[in-house]
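Okay, here's what each chain looks like letter by letter:
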Amino acid sequence: MTNPKQLIFPFSIDKKSSIKKFFVAEGCENLVAAIQDNKAGDIFLLGGEGVGKSYLLQATCNDLSSSSFTTAYIPLAEAIKLKPMLLDGLESLNLVCLDDLDAIAANKDWEVACFNLINRCNESGCRLIFSCSKDEKNFFPDLLSRLKKMTSYILRSVQDAQLNNAIKAIALNLRIPIEEKEINFLLNTHTRDLATLINFIKKIDDHSMGSKRKITIPLIKELL
Amino acid sequence: MEFWSKFTEKLENKLTQEEFNTWIRPLKGNLNKDTLEITAPNDFVLNYVVQNLSDEINQIISKELKKDISLVYKTIDKETFVDKYSSPKTKSGPKLVNHYVFDNFVEGKSNHVALAAAKQVASNPSGDYNPLFIYGGVGLGKTHLMHAVGNQILKESPEKRVVYVHSEKFVSDMVKALQLGAMNEFKSFYRNADALLIDDIQFFAGKEQSQEEFFHTFNALLDQDNQMILTCDKYPKEIDGLEDRLKSRLGWGLPVVIDPPELETRAAVLLKKASLMGVDLPSDCAIYIAQRIRSNIRELEGALKRVSANSKFTNQPIDIALVKDALKDLFVISAKMVSIENIQKTVSEYYNIKLSDLLSKRRSRSITRPRQLAMALTKELTNHSLPEIGEAFNGRDHTTVLHACKKIAELRKEDPSQEEDYRNLNRALTN
C-alpha cells in the first residue's frame, strides 16, 4: 500500500454539498431528477472539467445517506494512487459514486476492478453513478459495454445567460454577501467559467473578511 | 443504528467532505453493550480508517458515550467466507438472473444457432453438447443465454445445483480461499455442481494458478457427467494466455457464436425490453434507435433507459421528436465511433492491401472486392448518404456505391467466406 495519507485531500468544500444547492444548467433538469431517483438505475454522467460533476456526486451521497442507506464516494483521480482493492466489497452498500472515471483509462488493473464492481453491483442491487470528463472509447470492451448500458447524461456548463443567476444562487448558499453590481463587474472583467468564478468569489470573501471590509468593486480590483 | 448516525454526524464536522464520503460513509456501525463493531467493505478501507482516523473516532466515542467502549473493526472474515462456500443453503453461489430466460431472448439470424444449442442443453443437460461454449463480442447476449439455460434446468429440476460465477469472481475468491486456508471448501463448491456456468473465461488468461484449478474442476465435472456452460469473447483457440490443454478441452463440446444483431433484431430487442420495462415504445421509434445504435444490446438498453427517463420526467409520450432529443448526444458519439476513414483502414488491414490501392481506380478483383465490402459496411454502419460515401471513395458516383452494396449482399448469401469476412469486419468495427 502506498502512503494512505495521500487521500486526505488538501482542499475541502467548506459547506456541505446538497443537490438542492446545485445550480442546474439549462437542459440538465432530467439528469438531476434521475440522480435523486433511486429507482432510476445506474447513471453514467459525462461532462467537461468544472461543470460540477464532483459536487453533484458528493451531494448525492450526502442527500441520500441514512442509517439504512449506505453510500460511498470514490474520487478515482485520487484513488488511482492507491490499490484497486479499494473497490472490493462496495457492492454491499446501497449507492456507490465513482468520480473521474477517465482517470483510470488505460490502467488495466483499475479498469478490471471497475468492471468487477459493476458485475457485483448488478447482482447485489447496489446502485452506481459514474462520472467521466470525456467520452472514453479506450476502456476495454467489456467495461465499455457495461458503461453504455447505464442511462447516460451530459452535464453541461452554465451558459452565459444563466451565469448571473448561478452566481447569485451559489453565493447565497455559501453565505457570501456579494451584490448585483459586483457580480456584473466580475462577469465583465473576469473569466466566464463558473467554477473559476466561484473559486475567485471565495477568495474575495476571504479577503473581505480578513480585511473586515464589504465586498465592493475596489476590493475586487485588489485581487484581479 | 441511531447511535451510529449521531456518531457519524459528529465525525462529519471534523473531516473534509471527500474524506468523510470516501472512508466513513461506507462503514457500518453496530453498538452492542460495551462494544462498537465497525464493519468496513474491505481491508483497504479498514486499514485506512484504523491508521488515519481512529484517534478522531475514539475521541468522539468517549465524548458521546462517556464510558469505556471497546472498538472492534472487521471486514469479511474466514467464517463468513467458509460459510458461503460450505453452507448447504448456498445452492447456486451468485444468483442466476431471474429475468434472463428463453422467453425474452430475441432470436435473429445472428444468434439462432446459439439459441438452439442452448435450448438443447437446457432440455438435455450433460448430453452431447458438453461443455457448451458460447462466444462473441461484448453485449450480444451470451450471459443472457447462459442464465436462460441455468434457469430452465432449475425450472425442470429444482433439486439441481446450478452454479453461476463470473471468471473474475472465481479468480478473486480462489485467492481469498488460499489466504484463508479454505481451498477444500472452494474446490468442493464448484466440483459438486450439477451445472457450472462460468462467464467471460477470457479473464483466466495469464492467471496460471486459476487455470490450473479450473482445469481440475473442468475434469471433475466432466468425469461426473455434469454440464458446463462457458462464455468467452473469442473462439477457444484464439484466447491468448490460456494453456493449450485447456483450449483443447474447451473445444470438446459445442462452440457456438453470437454475432452482432442485424437491424430487425435490434428493433425487436428494443420492443421486447420496452415491453418488459412497461414502456410504451412505438415501432417507428424502435427502428429509429436501432438504425443509429448498432454495436451491441447493452448500448441499445442504455438508449432505451434514457428515452424512458426523459419521457417519465417530462411526462410526455415517446415519439420520434422525444427520442431525437433524448439521444442527441448519444447519436453524435455513436456516429463518431465508426467513421468512413476507420472502415477504409480496417478493411485494407484485414485484406492486407494498401489504403491507397483501396481508394485507387484499380479494378483487379483483389482490390475491387475489399473496396465494395468497405462501401457496403459504410452504408451499414454510418449514416452517410450514397453520394457522400462515393465521394469518400475517391470521388466515385453514388450508383457505384449502390452496385457495391447489392453485389456484397448477393455474395454474402452465395459465398460463406464472404459472409464470414463481412461479419468479422462488422464485429471488429462495432466492438
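Residue positions are counted from 1 within each chain, in the order its sequence is given. Think of it this way: whatever chain is written first is A, whatever ligand is written first is 1, and the rest follow in order. With the structure being a predicted model, the display of local features is reserved for residues of pLDDT at least 70 and the display and counting of side-chain atom pairs for 80 or more, all residues being used for whole-chain, interface and lining totals. The side-chain quantities take in all heavy atoms of the structure and omit both hydrogens and water.

> So what's going on with the domain arrangement of chain A? Residues and values would help.
Residues and elements named next belong to chain A. Boundaries between domains were set according to an automatic or database domain assignment. The domain boundaries assigned to chain A delineate domain 1 (4-154) and domain 2 (160-221). The C-alpha centroid of domain 2 is placed 30 Å from the C-alpha centroid of domain 1. Any pair of residues with heavy atoms lying within 4.5 Å of one another is described as a contacting pair. Taken together, the eight residues of domain 1 in the interface contact nine residues of domain 2. Counted as salt bridges are all cases of a side-chain nitrogen of Lys or Arg within 4 Å of a carboxyl oxygen of Asp or Glu. Run the count over domain 1 and domain 2 and you get zero salt bridges. For this analysis, a polar contact is any N or O atom pair within 3.5 Å, provided that within protein one partner can donate a hydrogen and the other can accept it, and provided that sequence-adjacent residues contribute only side-chain to side-chain pairs. Between domain 1 and domain 2 we count two residue pairs in polar contact (both at pLDDT 80 or more) in total. For the side of domain 1 that touches domain 2, a count of residues per class yields three nonpolar, one polar and four charged. As a working rule, the residues Ala, Val, Leu, Ile, Met, Phe, Trp, Tyr, Cys and Pro are called nonpolar, Asp, Glu, Lys and Arg charged, and the rest polar, with Gly in that last group.

> Give a description of the environment of Arg 294 of chain B that names residues and reports values.
Residues and elements named next belong to chain B. Helix and strand definitions here come from DSSP, where helices need a minimum of 4 consecutive H or I residues and strands a minimum of 2 consecutive E residues; each element is numbered from the N-terminal end. Topologically, Arg 294 is positioned in the loop between helix 13 (283-292) and helix 14 (297-314). C-alpha of Arg 294 to C-alpha of Glu 410: the two residues are 116 residues apart in sequence and 22 Å apart in space. In terms of polar contacts, Arg 294 uses its side chain to reach the backbone carbonyl oxygen of Glu 380, at 2.6 Å.

> Report on the sheet that holds strand 1 (residues 28-32) of chain B, specifying residues and quantitative values.
All names here are of chain B. Strands sit in the order 1-2-3 across an open sheet of three strands; the sheet is mixed. Where the open sheet ends on each side, the last strands, each with one partner, are strand 1 and strand 3 (70-74). Averaged over all adjacent pairs, the angle separating strand axes in this sheet is 20°, with direction ignored. We treat two strands as partners when DSSP finds at least two bridges between them. Fitting a line to C-alpha atoms yields each axis, with helices limited to the stretch in contact; the angle taken between N-to-C directions then spans 0 to 180 degrees.

> Can you explain the packing of helix 8 (residues 167-180) of chain B against helix 9 (residues 183-191) of chain B? Please cite residues and give values.
All names here are of chain B. For the pair helix 8 and helix 9, the least separation of the axes is 8 Å and the interaxial angle reads 145°. Judged by residue contacts, Phe 170, Asp 173, Met 174, Ala 177 and Leu 178 of helix 8 engage Met 183, Phe 186 and Tyr 190 from helix 9. Per-class residue counts for the contact of helix 8 with helix 9 are seven nonpolar, no polar and one charged.

> I'd like a rundown of the sheet that holds strand 1 (residues 43-46) of chain A, residues and numbers included.
All names here are of chain A. Spatial ordering of the open sheet is given by 2-3-4-1-5, a layout of five strands whose pairing is parallel. This sheet does not close on itself; its edge strands, each paired only once, are strand 2 (71-75) and strand 5 (151-154). Averaged over neighbouring strand pairs, the angle between their axes works out to 15° when direction is ignored. Relative to strand 5, strand 1 runs parallel, the two sharing four bridges.

> Could you give an account of the pattern of salt bridges, naming the residues involved and the relevant values?
Inspection of every chain in the model, using the stated rule, returns 23 salt bridges over all chains. Between Arg 146 of chain A and Asp 200 of chain B there is a salt bridge, with the nearest N and O atoms lying 3.7 Å from each other. Taken together, the residues span two chains, with Arg 146 of chain A in helix 5 (residues 141-149) and Asp 200 of chain B in the loop between strand 6 (195-199) and helix 10 (208-223). With respect to burial, Arg 146 of chain A and Asp 200 of chain B carry one shared label: buried. In this structure, the salt-bridge partner of Arg 412 of chain B is Glu 419 of chain B, at a minimum N-O distance of 2.8 Å. Overall, the relative accessible area of 18% leaves Glu 419 of chain B in the buried class. To sort residues, take the accessible area from a 1.4 Å probe on protein chains only and compare it with the maximum for the residue type: under 20% means buried, over 50% means exposed, and anything in between is partly exposed.

> Can you tell me about the pairing of strand 4 (residues 132-136) of chain B, naming the residues and giving the values?
Residues and elements named next belong to chain B. Most of strand 4 sits out of view: five of its five residues are buried. Of the two faces of strand 4, the one carrying Leu 132, Ile 134 and Gly 136 and the one carrying Phe 133 and Tyr 135 are both buried. Strand direction decides the pairing type here: strand 4 and strand 7 (residues 227-232), joined by four bridges, are parallel. In the sheet register, Leu 132 faces strand 7, and the bridge partner there is Ile 229. Bridging between strand 4 and strand 8 (residues 254-258) involves five bridges; their strand directions are parallel.

> Run through the interface of chain B and chain A, naming residues and quoting values.
Contacts between the two partners involve 49 residues from chain B and, on the opposite side, 58 residues from chain A. Two parts placed together each lose some accessible area under a 1.4 Å probe, and the buried area is that loss summed for both. In total, chain B and chain A occlude about 4,700 Å² of area from one another, counting both sides; carbon and sulfur atoms represent 56% of this. Looking only at chain B, the three residues that lose the most surface to chain A are Gln 17, Glu 18 and Phe 44 of chain B, adding up to 15% of its buried area. One salt bridge connects Lys 312 of chain B with Asp 37 of chain A, and the closest N-O pair in it is separated by 2.7 Å.

> Account for helix 18 (residues 365-381) of chain B, with residues named and values stated.
Given a rise of 1.5 Å per residue, 17 residues ought to cover 24 Å, and the 24 Å separating the end C-alpha atoms of helix 18 of chain B matches this to within 8%. Residues Ile 367, Arg 369, Pro 370, Arg 371, Gln 372, Leu 373, Ala 374, Met 375, Ala 376, Leu 377, Thr 378 and Leu 381 of chain B constitute the buried set of helix 18 of chain B. Expected helix span is computed as 1.5 Å times (number of residues minus one).

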